[in-house]
Amino acid sequence: MRYRITNGRSFLTGFFPNGGWSIRGVFAFSNRSWLIFDNETEVQEHLTYIIRACLEQKGRWGDWTDVALKFAKKLRYEEVG
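Starting afresh in each chain, residues are numbered from 1 along the sequence in its written order. Reporting in this predicted model follows two pLDDT cut-offs: at least 70 for local features of residues, and 80 or more for side-chain atom pairs to be given and counted; totals over whole chains, interfaces and linings ignore these cut-offs and use all residues. Heavy atoms from the whole structure form the basis of all side-chain values; hydrogens and water molecules are not counted.

Okay, the overall build of the protein next. The helix and strand labels rest on DSSP assignments: H or I over at least four residues marks a helix, E over at least two residues marks a strand, and numbering proceeds from the N terminus. Assigned secondary structure in the protein consists of 4 helices and 4 strands. Reading the secondary structure of the protein in the N-to-C direction produces β-β-α-β-α-α-α-β. Taking the principal axes of its C-alpha atoms as reference, the protein extends roughly 40 × 25 × 20 Å. In the protein, buried positions account for 40% of the 81 residues. Think of it in three bands: with a 1.4 Å probe and only protein chains considered, a residue is buried below 20% of the maximum accessible area for its type, exposed above 50%, and partly exposed in between.

As structure tokens, then:
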């Protein structure tokens, strides 16, 4: 089975921790394409990486870090048929 990350409406196509101050500047989503993970371990590790990378940006993002973390923690994954 393969997996993709979703925000409930669309699917993650990229994560850019060097962006900032807007969800769209950091998290890229689409309904036409998405990142594919070969197994649950890979997708879980990527979600952990996203949260860790957000925390690492706290010095640059300041209070906006909380916005990014809240969004990141709501991300889920699903099987791709």
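This part covers helix 4 (residues 64-74). By the burial criterion, the buried members of helix 4 are Trp64, Thr65, Ala68, Leu69 and Ala72. Viewed along the axis of helix 4, the buried residues span an arc of 135°, placing them on a single side of the element. Turned more than 90 degrees away from the buried face of helix 4 sit Lys70, Lys73 and Lys74, all of them exposed. Looking at the buried positions of helix 4, the neighbouring elements they touch are helix 1 (23-26), strand 3 (27-30), helix 2 (40-56) and helix 3 (58-61). Starting at the helix axis, one direction is taken to each C-beta atom, and the arc is that of these directions. Whether two residues touch is decided by their heavy atoms; if any such pair falls within 4.5 Å, the residues are in contact.

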